[in-house]
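# A look at the structure
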Amino acid sequence: MPELVFFSGTMDCGKSTLALQIEHNRSARGLKGMIYTRDDRAGEGKLSSRLGLVTDAVEAGAGFDLYGHLVGHLSQGGRCDYVIADEAQFLAPEQIDQLARIVDDLGMDAYAFGITTDFRTRLFPGSQRLIELADRIEQLQVEALCWCGARATHNARTVGGEMVVEGAQVVVGDVNRSAEEIGYEVLCRRHHRRRMTSASSHAGALSPDVLPVNGG
Ligand SMILES: Nc1ncnc2c1ncn2[C@@H]1O[C@H](COP(=O)(O)OP(=O)(O)O)[C@@H](O)[C@H]1O
Ligand SMILES: Cc1cn([C@H]2C[C@H](O)[C@@H](COP(=O)(O)O)O2)c(=O)[nH]c1=O
């Protein structure tokens, strides 16, 4: 049975890398995928991973009909065996419904990748709809870590180095940005609640470079 699968996690946990791996493995066996994305950091019509891989994709902007686009592609003799949608948190709920329709009416697997919650710990509308509709929700195996070493479960936004909890829901950006820029950092819930980023906690590396000197 074809499935709508939501691969979710924090920023920087390897979602786009997995999307590219799924695409690579299927196309290596002669299958054809349709890749959608929206507002990738690498620019319009790109699906990029921090590991340096990037591929072309169809930009699914506001009002773009994924189901209609795919039916148009097929009716012009194009082939498609599966669908990938990256940055799916940015898709509108009706676009997620279109993904579900692709699965049910066209009989294709659809793999959606995205973060679940925003910097305020609120669901993105697209992610909420995926949670409502997906056949399966998969958490990525490679966990991103908070500066304290716990599993990172939340995304923090920083402005001028300070964590903020107010602002526009969508601001395209990245982790490890300089303090002057708008940036993001993944945190565990405890430190997100306490608004403690690695900078504000003065956290060093998780593993100290120098062993503690024994007083004797
Ligand atoms: N220099 C590197 N060496 C090894 N792995 C890296 C490196 N840079 C990034 N990564 C891996 O890539 C992951 C981020 O992948 P990416 O697909 O861009 O994440 P996401 O799409 O979830 O934001 C990091 O969690 C890390 O595991
Ligand atoms: C938390 C949060 C993130 N974003 C943006 C920042 C990035 O452009 C993407 C996430 O991409 P990734 O490949 O998963 O790192 O989302 C945002 O707009 N609003 C937020 O609250």
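The chain appears in an unreviewed UniProt entry as Thymidine kinase from Streptomyces solincola. In its Catalytic activity (unreviewed entry) section, the UniProt entry covering the chain states "thymidine + ATP = dTMP + ADP + H(+)". Heading Sequence similarities (unreviewed entry) of the UniProt record for the chain holds this comment: "Belongs to the thymidine kinase family."

The next subject is the overall build of the chain. What the chain contains, in helices and strands, is 5 helices and 11 strands. The C-alpha extent of the chain, read off along each of the three principal axes, is 75 × 35 × 30 Å. Buried positions account for 36% of the 216 residues belonging to the chain.

A word on the site of ligand 2. Around ligand 2 sit 16 residues in total, of which Met11, Asp118, Phe119, Asn155 and Val172 are the nearest. Mapped onto the shell around ligand 2, the elements with two or more residues apiece are α1 (15–27) and β9 (154–159). Looking at the shell around ligand 2 residue by residue, the classes come out as 7 nonpolar, 4 polar and 5 charged. Of the residues that make up the shell around ligand 2, three or more belong to each of domain 1 (4–139) and domain 2 (144–202).

With that settled, consider the UniProt feature "active site" (unreviewed entry) in the chain. Following the UniProt record, the feature "active site" (unreviewed entry) maps to Glu87 here. The buried category is assigned to Glu87, around which 25 C-beta atoms lie within 10 Å. Ignoring anything within four residues of it in the chain, the contact list for Glu87 reads Thr37, Arg38, Asp39, Asp40 and Gly114.

Glancing now at the domain arrangement of the chain. When the parts of a complex come together, some accessible area is lost, and that lost area is often used as the size of the interface. Each domain of the chain was delimited in the assignment, giving domain 1 (4–139) and domain 2 (144–202). For domain 1 versus domain 2, the separation of C-alpha centres amounts to 25 Å. Taken together, the 13 residues of domain 1 in the interface contact 16 residues of domain 2. In terms of residue class, the side of domain 1 that touches domain 2 is built from 5 nonpolar, 3 polar and 5 charged.

The next thing to look at is the UniProt feature "binding site: substrate" (unreviewed entry) in the chain. Following the UniProt record, the feature "binding site: substrate" (unreviewed entry) maps to Val170, Val171, Val172, Gly173 and Tyr184 here. Looking at where Val172 falls in the secondary structure, it is placed in the loop between β10 (162–164) and β11 (182–187). What Val172 contacts, discounting residues up to four positions off in sequence, is Asp39 and Arg41. The topology assignment puts Tyr184 in strand β11. In this structure Tyr184 touches Met11, Asn155, Ala156, Arg157, Gly173, Asp174 and Val175, once residues within four positions along its chain are discounted.

At a minimum axis distance of 8 Å, the contact between helix α3 (residues 93–106) and helix α4 (residues 125–133) shows a crossing angle of 35°. Seen from above, α3 lies across α4 with right-handed handedness. For the pair α3 and α4, the contacting residues are Pro93, Ile96, Asp97 and Ala100 in the first and Pro125, Gly126, Arg129, Leu130 and Leu133 in the second.

Rules and cut-offs
- Residues numbered from 1 in each chain as written.
- Chains lettered and ligands numbered in written order.
- Predicted model: local features only at pLDDT ≥ 70, side-chain atom pairs only at ≥ 80, totals over all residues.
- UniProt positions renumbered as here; feature names shortened; annotations may be inferred.
- Helix = DSSP H or I, 4+ residues; strand = E, 2+ residues; numbered from the N terminus.
- Buried ≥ 20, exposed ≤ 12 C-beta atoms within 10 Å, placed from the backbone.
- Near = placed C-beta within 6 Å.
- Nonpolar A, V, L, I, M, F, W, Y, C, P; charged D, E, K, R; others polar.
- Domains from an automatic or database assignment.
- Contact = placed C-beta atoms within 7 Å.
- Axes fitted to C-alpha atoms, helices over the stretch in contact; angles between N-to-C directions.
- Left-handed = near helix turned anticlockwise from the far one by under 90°.

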